[in-house]
Amino acid sequence: MVSSIGSHLVDIRPLHAPDIADVVISRRGSRVLSQYRDNVWDLAPYLPVKNLRQSTIRFDIALPDGSVLTDPQHAPLLAAAKRFLYMRWRIKAPHSRKYIAAKTVMNNWSQLRLLLKWMVSQGIASFSALTPELCLAYAASQEGKLKSSTRIITLQILSTYYDLREHLVDNLPGYPWADTVPLALARTRHGHRMNSQRQS
């Protein structure tokens, strides 16, 4: 069975954009299924059979303004999303020091997708523009939409994005939650200072 971790992925940090576009995301045997440039990443070879109903990451998602993420005006957000997901799969998680499985990459895309839709609805064109104040506004926007446990995970995608900042190109300007943490934000609009519980 093919490993579910991203051990087959190459280091893209020293590569130029045209070379990154050709990087292989997935393959089945000698057949390449997806490359970095593609609008759909097929992760089926790295997922358990029971997860194959949801085995692709589709970047051509519909956005609140009637556009899709793959439209030219959203190129910076698309590039940031791909870079985050690629590096998230390729390197060890900063806190657990373990590689994540393809299933976790799929889950991260679901969380990131919600954030991207909100960013576009607010006219935010890059992660570098996501100040802690805007991150708190995003947290407030999710109140009442999801159950508490789901909301915690949804908000932690920003913490994970920040934790990978050394490997990304469109970085958050600072820790997203100022003196709060996602667990607190999931319980109250304003949040409280408490010990951080971060996603692996």
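Note that the structure is a prediction, hence the values are computed from the model and not measured.

Draft legend 1. Looking closely at the overall build of the chain. Secondary structure summary: the chain contains six helices and four strands in total. When the helices and strands of the chain are read in sequence order from the N terminus, they spell out α-β-β-β-β-α-α-α-α-α. The buried share of the chain, reckoned over its 200 residues, is 48%. Within the chain, contacts between residues separated by at least 24 positions form 52% of all contacts whose residues are at least 6 apart in sequence.

Draft legend 2. Region of the structure containing the layout of surface pockets. Taken as a whole, the largest pocket encloses approximately 380 Å³ of empty space. Around the largest pocket, the lining comprises 19 residues; the ones closest to its centre are Gln54, Lys103, Met106, Asn107 and Ser110. Looking at the lining of the largest pocket, the elements with two or more residues in it are helix H3 (102–121) and helix H5 (148–163). Of the residues in the lining of the largest pocket, the class split is six nonpolar, nine polar and four charged. As a volume, the second largest pocket reaches approximately 300 Å³. For the lining of the second largest pocket, the element with the most residues is helix H2 (residues 75–90), which contributes five residues.

Draft legend 3. Seen up close, the packing of aromatic side chains. Considering all chains together, one arrives at nine aromatic pairs under this definition. In textbook terms, an aromatic cluster arises when at least three aromatic residues are bridged by ring pairs, as seen for Tyr36, Trp41, Phe59, Tyr86 and Trp109. The aromatic ring of Phe59 is capped on one face by Lys82, whose charged end is 5.3 Å from the ring centroid.

Scoring rules and cut-offs
- Within every chain, residues take consecutive numbers counted from 1 along the sequence as written.
- Given that the model is predicted, a residue must reach a pLDDT of at least 70 before its local features are reported, and side-chain atom pairs must reach 80 or more before they are shown or counted; all residues, however, enter totals for whole chains, interfaces and linings.
- Note that the side-chain values use all heavy atoms of the structure and ignore hydrogens as well as water.
- Numbering of helices and strands starts at the N terminus; helices are DSSP runs of H or I of at least 4 residues and strands are runs of E of at least 2.
- Here's how the labels work: a residue is buried when its accessible area is under 20% of the maximum for its type, exposed when over 50%, partly exposed in between, all with a 1.4 Å probe on protein chains only.
- Any pair of residues with heavy atoms lying within 4.5 Å of one another is described as a contacting pair.
- Points on a 1 Å grid over protein atoms alone make up a cavity when a 1.4 Å probe fits among them but cannot get out, and a pocket when they form an open set with protein on both sides within 12 Å along at least five of seven lines; lining residues each have an atom within 4 Å of a point.
- Grid points are joined across faces, edges and corners, and a volume is the space filled by probe spheres set on the points.
- Gly falls in the polar group here, along with every residue not listed as nonpolar (Ala, Val, Leu, Ile, Met, Phe, Trp, Tyr, Cys, Pro) or charged (Asp, Glu, Lys, Arg).
- Aromatic pairs are defined between Phe, Tyr and Trp rings, using the six-membered ring for Trp, whenever the two ring centres lie within 6.5 Å; interplanar angles under 30 degrees are classed as stacked, those over 60 as edge-to-face, and all others as tilted.
- Placement of a positive charge over a ring is assigned whenever Lys NZ or Arg CZ falls within 6 Å of the ring centre and within 35 degrees of the normal to the ring plane.

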